[in-house]
Amino acid sequence: MAERAAPGNRSAYKVFRTIGLRWSDNDIYGHMNNVVHYSMFDTAVNAFLIENGALDIRGGSDVFLVVETGCRYHAEMAFPDRVTAGIRVAKLGNSSVRYEIGLFRNDDDVASAEGFFVHVNVDRFSRRPVHFGEGARRVLEPLLASS
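Our subject in this report is the structure included herewith. Everything quoted here is computed from the prediction, not taken from an experiment. (Residues numbered from 1 in each chain as written. Predicted model: local features only at pLDDT ≥ 70, side-chain atom pairs only at ≥ 80, totals over all residues. Heavy atoms only, no water.)

**Notes on the sheet that holds strand 1 (residues 15-20)**
Moving on, step 1. The five strands are arranged 1-3-4-5-2 in an open sheet whose pairing can be described as antiparallel. Each edge of the open sheet carries a strand with a single partner, namely strand 1 and strand 2 (62-73). Ignoring strand direction, the axes of neighbouring strands in this sheet form an average angle of 25 degrees.
Moving on, step 2. Contacts from helix 1 (residues 34-51) reach strand 1, strand 2, strand 3 (82-92), strand 4 (96-105) and strand 5 (113-123), with the element oriented near 140 degrees to strand 2. (Pairing = 2+ DSSP bridges. Helix = DSSP H or I, 4+ residues; strand = E, 2+ residues; numbered from the N terminus. Axes fitted to C-alpha atoms, helices over the stretch in contact; angles between N-to-C directions. Contact = heavy atoms within 4.5 Å.)

Written as structure tokens, this is what we have:
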């Protein structure tokens, strides 16, 4: 069996978004339900894209579709914790981008969970991949892990 990767630190991520947990985010075991992790990944990335003009969810000609996701859990989080999502881009192609997201509990420097998802930029109506526009690329390039 392969050795499990150690959790990452805040310093490995480029931008951050704080998300408060809700009472309903806890499950029967008293910690944040795994589906909430994925919701936080989606919320953090899409809010970043919208706020920076790379995504117009109501009127843009292009939209981003998730085609792959994954998550590694390192430590429990639970209401009333405050979660900070760190975002970086691992790979930026012509029409796809792989985000890596770290979820940090309260002021912890080590991630409680780390995940990824791949967005494909598609035409809103045909749902066929299209190249990133200059504006989206300008927003995404500074998030590249190697930059």
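There is more to say, and it comes next.
**Brief notes about the packing of aromatic side chains**
Moving on, step 1. As enumerated under the stated definition, the model contains five aromatic pairs in all.
Moving on, step 2. Between Trp23 and Phe79, the ring centres sit 5.8 Å apart and the planes meet at 85 degrees, which makes this aromatic pair edge-to-face. Taken together, the positions of Trp23 in the loop between strand 1 and helix 1 and Phe79 in the loop between strand 2 and strand 3 put the pair 56 residues apart, joining distant regions of the chain.
Moving on, step 3. A relative accessible area of 67% places Trp23 in the exposed class.
Moving on, step 4. On the numbers, 6.0 Å between centres and 40 degrees between planes, the contact of Phe64 with Phe132 is tilted. One end of the pair, Phe64, is in strand 2; the other, Phe132, is in the loop between strand 5 and helix 2 (134-140), and 68 residues separate them in sequence. This pair shows no difference in class: Phe64 is buried, exactly as Phe132 is.
Moving on, step 5. Over the ring of Tyr13 we find Arg88, and its NZ or CZ is 4.3 Å from the ring centre.
Moving on, step 6. Here the guanidinium or amino end of Arg98 rests over the ring plane of Phe116, the centre of that ring lying 3.9 Å away. (Phe/Tyr/Trp six-rings, centres within 6.5 Å; stacked < 30°, edge-to-face > 60°. Buried < 20%, exposed > 50% of the residue type's maximum accessible area, 1.4 Å probe, protein only. Lys NZ or Arg CZ within 6 Å of the ring centre and 35° of its normal.)

**Comments concerning the nonpolar core**
Moving on, step 1. Counting 31 residues, the largest nonpolar core has Met40, Leu49, Tyr99, Ile101, Leu103 and Leu140 as the members making the most contacts within it.
Moving on, step 2. Of all the secondary structure elements, the ones that give two or more residues to this core are helix 1, strand 2, strand 3, strand 4, strand 5 and helix 2.
Moving on, step 3. Those residues in contact with Met40, other than ones at most four positions away along the chain, are Ile19, Leu21, Met32, Val83 and Leu103. (Core = buried A, V, L, I, M, F, W, Y, C linked by side-chain atoms within 4.5 Å.)

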